[in-house]
Amino acid sequence: MALPEVTEKVSHGEPTWFVRRVFLSYADRHHDDRLGFWCAAPPGAQDELVAADPERFFRPPYVGGRGWLWVRLDVDVDWDEIGEIVVDAYRQIAPKKLVVQLG
């Protein structure tokens, strides 16, 4: 919510964050027993992260084909890395004028 013009509302029964369009959606065992979130990812990030650590990252249903990433929160979590992933997701979806505000 600290990012420019982010709003939160429930979508498909889960908390979801928007910057005009969805950039991140919480997944509380929505499709299986995993807890985490789906988010937009920079080109190549999905493949890189899934290959590096398939226990923490994987390709989500529906949006995985567009490069989105599923990030698990029910395993050992590096919160600094989570913060970077969230900001990267925001950068993928936010209008350029808002991305510029991030510096």
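Residues numbered from 1 in each chain as written. Predicted model: local features only at pLDDT ≥ 70, side-chain atom pairs only at ≥ 80, totals over all residues. Heavy atoms only, no water.

**Q** Please clarify how the overall build of the chain should be interpreted in this entry.
**A** If you tally the helices and strands in the chain, you get three helices and six strands. Counting from the amino terminus, helix and strand elements in the chain follow one another as β-β-β-β-α-β-β-α-α. Each principal axis of the C-alpha atoms in the chain carries an extent, and together these give about 35 × 30 × 25 Å. Relative to its full complement of 103 residues, the chain shows a buried share of 43%. When contacts within the chain are restricted to residue pairs at least 6 apart in sequence, long-range pairs at least 24 apart make up 45% of them. Total accessible area on the chain stands at roughly 6,100 Å², and carbon and sulfur atoms take up 52% of it. (Helix = DSSP H or I, 4+ residues; strand = E, 2+ residues; numbered from the N terminus. Buried < 20%, exposed > 50% of the residue type's maximum accessible area, 1.4 Å probe, protein only. Contact = heavy atoms within 4.5 Å. Areas by Shrake-Rupley, 256 points an atom, 1.4 Å probe, with all protein chains shown as cover.)

**Q** So what exactly am I meant to see when it comes to helix α1 (residues 45-52) here?
**A** Turn by turn, an α-helix covers 3.6 residues, leaving residues three or four places apart pointing in a common direction. Looking only at α1, the buried set comprises Ala-45, Gln-46 and Leu-49. With its buried residues spanning 95° around the axis, α1 presents them on a single face. Of the exposed residues in α1, the ones pointing more than 90 degrees away from its buried face are Asp-47, Glu-48 and Ala-51. Considering only its buried residues, α1 is in contact with β5 (57-58), β6 (69-72) and α2 (79-93). (Arc of directions from axis to C-beta.)

**Q** Would you explain the layout of surface pockets in this entry?
**A** Over the atoms a probe the size of a water molecule is rolled, and this reveals where empty space is left. Space inside the second largest pocket adds up to approximately 160 Å³. Surrounding the second largest pocket, Met-1, Ala-2, Leu-3, Trp-17, Phe-23, Leu-24, Tyr-26, Phe-37, Leu-73 and Val-86 form its lining. Here the element with the most residues in the lining of the second largest pocket is strand β3 (residues 21-28); it accounts for three residues. Residue classes in the lining of the second largest pocket are distributed as ten nonpolar, no polar and no charged. (1 Å grid on protein atoms, 1.4 Å probe; cavity = no way out; pocket = protein on both sides within 12 Å on 5 of 7 lines; lining within 4 Å. Points joined across faces, edges and corners; volume = space filled by probe spheres on them. Nonpolar A, V, L, I, M, F, W, Y, C, P; charged D, E, K, R; others polar.)

Purely geometric numbers; function is a separate question.
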